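Descriptive structure summary
The chain contents come next:
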Amino acid sequence: MKKKFGDRKDGAILKNIHPMHIVMPLMYPNRCDNEAFISERIDLTNVIAYLEKKNASNPEYKYNLFQVMITAMLKTITLRPKMNRFIANQAMYQRNEVSAAFTVKKVFSDHGEEALAIIHSKGSDNINTVHDEIYRQVSFCRSDKLDDGMKSVNLVGKTPRPVFNLLGLLLRFLDRHGWVPTALIKGDPYYSSVVLTNLGSIKLHAGYHHLTNWGTTSVFCAIGEMKKRPFYDDDGNVTMKPSVDLGLTIDERLADGYYYSRTVRLLKKLLENPELLELPLDEEVDYE
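Computed from a prediction, not measured in an experiment: that's the story for all the values here.

What follows covers the pairing of strand E3 (residues 85-88). Every second residue of E3 is oriented toward a common face, with Arg85 and Ile87 on one face and Phe86 and Ala88 on the other, all of them buried. Inspection of the sheet shows E3 paired to strand E4 (residues 91-95) by 4 bridges, in the antiparallel sense. For Phe86, the partnering residue across the bridge sits in E4 and is Tyr93.

Moving on: the packing of helix H3 (residues 65-79) against helix H8 (residues 257-272). Running from N to C, H3 and H8 point in directions that differ by 140°, and their axes come no closer than 9 Å. Accordingly, the angle class assigned to the pair H3 and H8 is oblique. Remark: the crossing between H3 and H8 carries right-handed chirality. Across the interface between the two elements, Val68, Met69, Ala72, Met73, Lys75, Thr76 and Leu79 of H3 pack against Thr263, Leu266, Leu267, Leu270 and Leu271 of H8. Within the contact of H3 with H8, the residues separate by chemical class into 9 nonpolar, 2 polar and 1 charged.

Strand order in the open sheet formed by 3 strands is E1-E4-E3, with antiparallel pairing between adjacent strands. One side of each edge strand has no neighbouring strand; the edge strands of this open sheet are strand E1 (11-13) and E3. Taken pair by pair, the neighbouring strands of this sheet meet at an average axis angle of 40°, ignoring direction.

In this section: the packing of aromatic side chains. For any pair of aromatic rings, geometry is given as the distance between the ring centres together with the angle between the planes. Summed over all chains, the structure comprises 6 aromatic pairs. Taking 5.3 Å as the distance between ring centres and 85° as the angle between the ring planes, the aromatic pair formed by Phe66 and Phe102 counts as edge-to-face. Of this pair, Phe66 sits in helix H3 while Phe102 sits in strand E5 (residues 98-105); the two residues are 36 residues apart in sequence, bridging distant segments of the chain. The burial state of Phe66 is the same as that of Phe102; both residues are buried. Above the ring of Tyr63, the side-chain terminus of Lys54 is found at 4.6 Å from the ring centroid. Its guanidinium or amino end placed over the ring of Tyr259, Arg80 lies 3.8 Å from that ring's centre, counting from NZ or CZ.

A few words now on the environment of Gly200. Relative to the assigned elements, Gly200 resides in the loop between strand E7 (194-198) and strand E8 (219-223). Overall, the relative accessible area of 14% leaves Gly200 in the buried class. Through-space distance from the C-alpha of Gly200 to that of Glu225 is 3.6 Å; in sequence the pair is 25 residues apart. Aside from chain neighbours lying at most four places away, what touches Gly200 is Ile223, Gly224 and Glu225.

Counted according to the given criterion, the structure contains 0 disulfides. With no disulfide of its own, Cys32 lies closest to Cys221 among cysteine sulfurs, the gap being 18 Å. The class of Cys221 is buried, set by a relative accessible area of 0%.

This part is about the nonpolar core. Soluble, globular proteins show a tendency: their nonpolar side chains are buried together. The biggest cluster of nonpolar side chains holds 55 residues, and the ones touching the most others in it are Ile70, Met73, Phe102 and Leu196. The element that contributes the greatest number of residues to this core is H3, accounting for 10 residues. Apart from the residues lying within four places of it in its own chain, the contact partners of Phe102 are Phe66, Ile70, Ala115, Leu116, Ala117, Ile119, Ile134, Val138 and Leu196.

Here we come to helix H4 (residues 127-141). Given 3.6 residues per helical turn, the α-helix brings residues three or four places apart onto the same face. Over its 15 residues, H4 runs 20 Å from end to end, which matches the ideal 21 Å to within 8%, given 1.5 Å per residue. Buried within H4 are the following residues: Ile127, Val130, His131, Ile134, Gln137, Val138 and Cys141. With its buried residues spanning 135° around the axis, H4 presents them on a single face. Structurally, the start of H4 carries an N-cap: the backbone nitrogen of Asn128 is 3.0 Å from a side-chain oxygen of Asn126.

With that settled, the discussion passes to the pairing of strand E9 (residues 227-232). By the bridge criterion, 6 bridges tie E9 to strand E10 (residues 238-251) in an arrangement that is antiparallel. From the neighbouring strand, Lys227 faces E10, where its bridge partner is Ser243. Between E9 and E10, which pair antiparallel and follow one another directly, the connecting turn spans 5 residues, one of which, Gly236, has a positive phi of 90°.

A separate point is unusual backbone geometry. We note that Asn89 has phi near 55°; this positive angle belongs to a residue other than glycine. Inspection of the secondary structure assignment puts Asn89 in the loop between E3 and E4. In this structure, Gln90 is a non-glycine residue whose phi angle is positive, near 65°. Inspection of the secondary structure puts Gln90 in the loop between E3 and E4.

What counts and what doesn't
- Residues numbered from 1 in each chain as written.
- Predicted model: local features only at pLDDT ≥ 70, side-chain atom pairs only at ≥ 80, totals over all residues.
- Heavy atoms only, no water.
- Buried < 20%, exposed > 50% of the residue type's maximum accessible area, 1.4 Å probe, protein only.
- Helix = DSSP H or I, 4+ residues; strand = E, 2+ residues; numbered from the N terminus.
- Pairing = 2+ DSSP bridges.
- Axes fitted to C-alpha atoms, helices over the stretch in contact; angles between N-to-C directions.
- Parallel < 35°, antiparallel > 145°, perpendicular 65-115°, else oblique.
- Left-handed = near helix turned anticlockwise from the far one by under 90°.
- Contact = heavy atoms within 4.5 Å.
- Nonpolar A, V, L, I, M, F, W, Y, C, P; charged D, E, K, R; others polar.
- Phe/Tyr/Trp six-rings, centres within 6.5 Å; stacked < 30°, edge-to-face > 60°.
- Lys NZ or Arg CZ within 6 Å of the ring centre and 35° of its normal.
- Disulfide = S-S within 2.5 Å.
- Core = buried A, V, L, I, M, F, W, Y, C linked by side-chain atoms within 4.5 Å.
- Expected span 1.5 Å × (residues − 1).
- Arc of directions from axis to C-beta.
- Polar contact = N/O pair within 3.5 Å; in protein donor to acceptor, adjacent residues only side chain to side chain.

Right, dumping it as structure tokens:
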């Protein structure tokens, strides 16, 4: 796509949009002042059966719920492109790619270090290619090597305090205009389409997680602990089913409530019918 005046290196400026979406960033310029929180409970009956089938051949790196979640989020954002927009410097942009970021705990202990991982997807990807890329990145993160994001964090963290304060002012200015050097933000999760946190892996419930004014991420997804919970049918009968709770925090300036409702409906459809994740990310599915 040819770059035009006003574009950033990570997104194309949107001008032919509803006036409300032009006015809103002027009235409410900070992302953290425009958070909307959505909670959703997902029936995992089909996911569990799907994962058992995928892992029947005992792959070296087993398929798991987190990989399903990442793929479902990537497909949802691919098919619902307004979710891949961001607002910076009081203007709205369409991101150039669909990406998902998450943190990898190297060792599950109080002193275990963390590393950053980002999946840069293509429309032709599916759960199998995402699974393989996650395996590659998790293996790298749990090695002794530092990813680009942590190298940048370590470099900034060692800066003397007076210089650090000035550097912070400079970086926030560059961030607002999309001018932060790529080398500094290459591994920064807050420059991705969505950040996911697998709270269930550390025995926590899903809940609200804030967005940040730094970077461009407009969607945050918290994944809770998998456990049996009650589900009610139309007659009030209850059945205990394996489930997971999700907490989605979004920038409400990107679209209207109807668009978000259909987006959540698509995400839920993908998670409750995980075989759809075998399709390319850009292949449409029926979720009405």
